[in-house]
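Commentary on secondary and tertiary structure
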Number of protein chains: 2
Amino acid sequence: MESMIKSYNDATHKLHYHNISRDLSVLKKALNNYDDKIESDMYGNGKIINDFESKMADLLGKESAVFFPSGTMAQQIAVRIWCDLKGVKTVAYHAKSHLEIHEQDGIKKLHNINTILLGEKDRLFTLSDLKTIKEKPGVVLLELPQREIGGQLPEFDEIVEISKYCKFNNIAIHLDGARLLECLPYYHKTAKEICRLFDSVYISFYKGLGGIAGAILAGNISLCEESKIWKRRHGGDLISLYPYVLSADYYYELRKERMESYYKTAVHLAIELNNIKHFRTIPKTPVTNMFHIHINLPMELVEQLLIMIYNKTSVALKPGLIITNEGCMMELATGDALNEISEAKLKEFLKSLSTEFAKI
Amino acid sequence: MESMIKSYNDATHKLHYHNISRDLSVLKKALNNYDDKIESDMYGNGKIINDFESKMADLLGKESAVFFPSGTMAQQIAVRIWCDLKGVKTVAYHAKSHLEIHEQDGIKKLHNINTILLGEKDRLFTLSDLKTIKEKPGVVLLELPQREIGGQLPEFDEIVEISKYCKFNNIAIHLDGARLLECLPYYHKTAKEICRLFDSVYISFYKGLGGIAGAILAGNISLCEESKIWKRRHGGDLISLYPYVLSADYYYELRKERMESYYKTAVHLAIELNNIKHFRTIPKTPVTNMFHIHINLPMELVEQLLIMIYNKTSVALKPGLIITNEGCMMELATGDALNEISEAKLKEFLKSLSTEFAKI
């Protein structure tokens, strides 16, 4: 595995996201845009953080917004507040929700909230899945796009119906919008038009936007004010969050208009990859800038081939693979990298993939 | 109140800490010391964070150390782990412990841990106080110095006895060392020699050291590994913590040798302030770089006088006061500011204080 990372690092063109390392220059570039004399936030207060929170509340069409160091913290807190308000300590979400598989069960261990897994692991959950639950949860959490299955999206009308059902049944509905901006081109909707269907929403700043870290939780004033108390309890009410706030704002402004182009390049790249022997993407046609590449060959073999191709072309997809039942896979997200690479270079890389994998 | 903040901000010499605003330049100055190509940490891994953790483990004489975004998070987690290990969900600490008064009861609300308040609010707790507890707690948390009573310190032998008592009674003992480095000159001890008396220790990087934010939790390997799981649960295992790590390291190196001088200037300044009518400091003779200034006059009157003196001399103590039973008070901590101000300028300020308050 070591050498696949090396050949990835050595490659001039990294097709995942923005062809940049997550190095110190990313932060310096953002900070250099701001005056030295800008005052730090202080425990959640101050122009530097409150202005950004207002801007995000406007973007998302909510009364208020609160900046958090992480989405993990923001979402657990939103779920906790809704459960307390509804008097039901249960959240229903997709079986591969971030809360279920990436947070060491914080929602259960810190908040004593039970979870209901909706639908099946390898597909989106539907309104029908939700209707089958006997005891209504306090809150439903819907992730757009559903990352762990390649960034799939329900049709907009399905979300409308889920939202209506929740409202009718006194269930809160929260949007895990870690990659919300990345969905907008597919839906042809504004963030506001989507968030209107949810009681609260979280967005992240280091996925498609390429910031350092940090998250926004938006909702009504009462939710947001209570979330600040929980932020303090979690240890997230830092004396200074501005390194994340400023970089979030900088990269949001830099990339917010590029989501359409990221989406288009993802669709185009997926078509090319699906033409390569042993390759298939999920979804077949991406609906955001992300998709999964499944390769039905043993991981070690795929590694060897990719290392060779990365080294030969100086173009790379990802530094690693994940074993699956049918072989291996990787998650890819497009960004500036695919906008910047020359057509000839990309063609050379795809040709090389095509040729080498056809031999097997 | 607004105008006291203004006259503080306008003053050329701010005697609290390092005569600097918490503005963006503090971070930029630190980051400019590091190469652009340094790779970000990734969810707690990577040279940039692990090297600093090792360095802090060495400093504190512990097997291992983990970087946290905040002390609130680090300490709740340490307490939780010790309580789980001891099978007793109770922590005993000073009535004005940070966990009791500044964290919105996170330890209770997130971890269901009961608290026992030792001794009385306005003095250090003693071994005798600890011995009076009927049901032994899982962990004792001792804060050095005890910030909320002016940064008082128990004698070293008292800590030794408390530590022995805990060990003998199978109680874990945790050090809230937010300002640990600031205690070393008084004790004439190394950090290691103090930390040896504790099972775990937390230190902070934005008090005397003047960093941006961030904390270290140190202890045995097992504690530290489990604390990483809880860090994830709390939402503190950020994809990138390096803005805090690098600034912590930078300001640690810059100021670690200055604690002795900060302590001496605090002692000197307290003597002068105690000579001013209506003023008294707690402790009378500081034992670290911090102390409280109590003024037995109505807050509004003190504000007016201080605004006038700040404006006249361009020297300031703090931007605000806190109401007390006998008048008002402020917490002061010395740092680079008192090392840098000219003797004449300081004298002018003290003279002005002395003259104006003598009139009342």
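The shown structure was predicted, so the numbers you read here are calculated from the model rather than taken from an experiment.

Turning to the overall build of chain A, a few remarks are in order. In terms of regular secondary structure, chain A is built from 16 helices and 13 strands. Taking 2.2 N^0.38 as the reference for a compact globule, 360 residues should give roughly 21 Å; the C-alpha atoms of chain A span a radius of gyration of 21 Å, in line with that estimate. Reported as C-alpha extents along the three principal axes, the dimensions of chain A are approximately 60 × 55 × 35 Å. Out of the 360 residues belonging to chain A, those deemed buried represent 61%. Surface accessibility of chain A: about 14100 Å² in total, with carbon and sulfur atoms responsible for 50%. For chain A, the separation between the mean place of its 45 positive charges and that of its 46 negative charges on side chains is 2 Å.

To continue, consider helix 12 (residues 242-255) of chain B. Residue and element names in this part refer to chain B. Between its terminal C-alpha atoms helix 12 stretches 20 Å, which fits the 20 Å expected from 14 residues at 1.5 Å a residue. By the criterion of burial, helix 12 is predominantly enclosed, with 12 of the 14 residues buried. Taken together, the buried positions of helix 12 are Tyr-242, Pro-243, Tyr-244, Val-245, Leu-246, Ser-247, Ala-248, Asp-249, Tyr-250, Tyr-251, Tyr-252 and Arg-255.

With that out of the way, let us pick up the interface of chain B and chain A. Taken together, the contact between chain B and chain A spans 50 residues of the former and 50 residues of the latter. When the area that chain B buries against chain A is broken down by residue, the three leading residues are Leu24(B), Leu110(B) and Arg233(B), summing to 16%. The tally of links between chain B and chain A comes to 4 salt bridges. Across the pair Asp36(B) and Lys28(A) runs a salt bridge whose closest N-O atoms are separated by 2.9 Å. The tally of links from chain B across to chain A stands at 30 residue pairs in polar contact (both at pLDDT 80 or more).

All names here are of chain B. Strand order in this open sheet of 7 strands is 2-8-7-6-5-3-4, and the pairing throughout is mixed. Edge strands, defined here as strands with exactly one partner in the open sheet, are strand 2 (64-68) and strand 4 (114-118). Between one strand axis and the next, the sheet turns by 20 degrees as a mean value, whatever way the strands run. With 5 bridges connecting them, strand 5 (residues 139-143) and strand 6 (residues 172-177) associate as parallel partners.

Our next topic: the packing of helix 2 (residues 24-31) of chain B against helix 12 of chain B. All names here are of chain B. Where helix 2 meets helix 12, the closest approach of the two axes is 9 Å, and the angle between their N-to-C directions is 80 degrees. Looking at the two axes, helix 2 sits roughly perpendicular to helix 12. Taking contact as the criterion, the partners of Val-26, Leu-27, Lys-29, Ala-30 and Leu-31 in helix 2 are, on helix 12, Pro-243, Leu-246, Ser-247, Tyr-250 and Tyr-251. Tallied by class, the residues present in the contact of helix 2 with helix 12 amount to 8 nonpolar, 1 polar and 1 charged.

All names here are of chain B. If you check helix 4 (residues 71-86), its first and last C-alpha atoms are 22 Å apart, about what 16 residues at 1.5 Å a residue would give, namely 22 Å. Most of helix 4 is tucked away, with 13 of its 16 residues classed as buried. With a side-chain oxygen lying 3.1 Å from the backbone nitrogen of Met-73, the N-terminal cap of helix 4 falls on Ser-70.

Let's shift gears to the pattern of salt bridges. Residue and element names in this part refer to chain A. A full pass over the atoms with the stated rule returns 44 salt bridges over all chains. Where Arg-80 meets Asp-84, a salt bridge forms, and the shortest distance between an N and an O atom there is 3.1 Å. Of this pair, Arg-80 and Asp-84 both sit in helix 4 (residues 71-86), separated by 4 residues, roughly a single helical turn. Arg-80 sits in the buried class, given a relative accessible area of 10%. Residue Asp-84 is classed as partly exposed on the basis of its relative accessible area, which comes to 36%. Across the pair Glu-326 and Arg-280 runs a salt bridge whose closest N-O atoms are separated by 3.2 Å. A residue pair is termed long-range when its members are at least 10 positions apart, and Glu-326 in the loop between strand 12 (322-324) and strand 13 (327-333) and Arg-280 in strand 9 (residues 279-282) qualify at 46 residues. Within this structure, Lys-55, Asp-249, Glu-253 and Lys-256 form a network of salt bridges that share partners.

In this section: unusual backbone geometry. If a residue is not glycine, its phi is most likely negative; likewise, a peptide bond is most likely trans. With omega at -10 degrees, the peptide bond leading from Leu144(A) into Pro145(A) counts as cis. The residue Pro145(A) is located in the loop between strand 5 (139-143) and helix 8 (156-168) in this model. Its identity is not glycine, yet Gln104(B) carries a phi of approximately 50 degrees, on the positive side. Along the chain, Gln104(B) turns up in the loop between helix 5 (98-101) and helix 6 (106-109). Look at Gln104(B) and you get partly exposed, because its relative accessible area is 41%.

Note on the identical chains: chain B maps onto chain A by a rotation of 180 degrees and an axial translation of 0.0 Å, with an RMSD of 0.0 Å. Look at the turn and shift together and you get a two-fold axis relating the two. The C-alpha atom lying nearest the rotation axis in chain B is that of Leu110(B); the distance is 2.5 Å.

Before going further, it helps to examine the packing of aromatic side chains. If you walk through the whole model with that rule in mind, you get 16 aromatic pairs over all chains. Between Tyr250(A) and Tyr251(A), the aromatic rings sit 4.8 Å apart at their centres with planes inclined by 90 degrees, giving edge-to-face as the arrangement. The buried category is assigned to Tyr251(A), whose relative accessible area is 3%. The cationic tip of Lys231(A) hangs over the ring face of Phe68(A); the distance from NZ or CZ to the ring centre is 5.4 Å. The cationic tip of Lys14(B) hangs over the ring face of Tyr8(B); the distance from NZ or CZ to the ring centre is 5.7 Å.

Time to look at the sheet that holds strand 9 (residues 279-282) of chain B. Residues and elements named next belong to chain B. Taking strand neighbours across the sheet as the criterion, the 4 strands line up as 9-10-13-12 in an open arrangement whose pairing is antiparallel. The open sheet has two edge strands with one neighbour each: strand 9 and strand 12 (322-324). Going across the sheet, the axis of each strand differs from the next one's by a mean of 35 degrees, ignoring polarity. Across 4 bridges, the pairing between strand 9 and strand 10 (residues 290-295) is antiparallel. Residue pairing for strand 10: Phe-279 is matched across the bridge by Ile-295. Relative to the sheet, helix 14 (residues 299-313) contacts strand 10, strand 12 and strand 13 (327-333), its axis offset from that of strand 13 by approximately 45 degrees.

Residues and elements named next belong to chain A. Domain boundaries assigned for chain A yield domain 1 (2-21 + 258-355) and domain 2 (24-253). Using only C-alpha atoms to locate each centre, domain 1 and domain 2 end up separated by 29 Å. Listed as interface residues are 17 residues of domain 1 and, on the opposing side, 19 residues of domain 2. Summed over both partners, the interface of domain 1 with domain 2 comes to about 1500 Å²; 64% of that surface belongs to carbon and sulfur atoms. There are 1 salt bridge connecting domain 1 and domain 2. Here Arg-147 and Glu-331 are joined by a salt bridge, their closest N and O atoms 2.8 Å apart. Of all the secondary-structure elements, those providing two or more residues to the side of domain 1 that touches domain 2 are helix 13 (259-274) and strand 10 (290-295). In terms of residue class, the side of domain 1 that touches domain 2 is built from 10 nonpolar, 5 polar and 2 charged.

What counts and how
- Residues numbered from 1 in each chain as written.
- Chains lettered and ligands numbered in written order.
- Predicted model: local features only at pLDDT ≥ 70, side-chain atom pairs only at ≥ 80, totals over all residues.
- Heavy atoms only, no water.
- Helix = DSSP H or I, 4+ residues; strand = E, 2+ residues; numbered from the N terminus.
- Rg over C-alpha atoms; globule rule 2.2 N^0.38 Å.
- Buried < 20%, exposed > 50% of the residue type's maximum accessible area, 1.4 Å probe, protein only.
- Areas by Shrake-Rupley, 256 points an atom, 1.4 Å probe, with all protein chains shown as cover.
- Lys, Arg positive; Asp, Glu negative; His and termini not counted.
- Charge placed at Lys NZ, Arg CZ, Asp CG, Glu CD.
- Expected span 1.5 Å × (residues − 1).
- Contact = heavy atoms within 4.5 Å.
- Buried area = accessible area lost by both parts, 1.4 Å probe.
- Salt bridge = Lys/Arg side-chain N within 4 Å of Asp/Glu carboxyl O.
- Polar contact = N/O pair within 3.5 Å; in protein donor to acceptor, adjacent residues only side chain to side chain.
- Pairing = 2+ DSSP bridges.
- Axes fitted to C-alpha atoms, helices over the stretch in contact; angles between N-to-C directions.
- Parallel < 35°, antiparallel > 145°, perpendicular 65-115°, else oblique.
- Nonpolar A, V, L, I, M, F, W, Y, C, P; charged D, E, K, R; others polar.
- Least-squares fit on C-alpha atoms with pLDDT ≥ 70 in both.
- Phe/Tyr/Trp six-rings, centres within 6.5 Å; stacked < 30°, edge-to-face > 60°.
- Lys NZ or Arg CZ within 6 Å of the ring centre and 35° of its normal.
- Domains from an automatic or database assignment.

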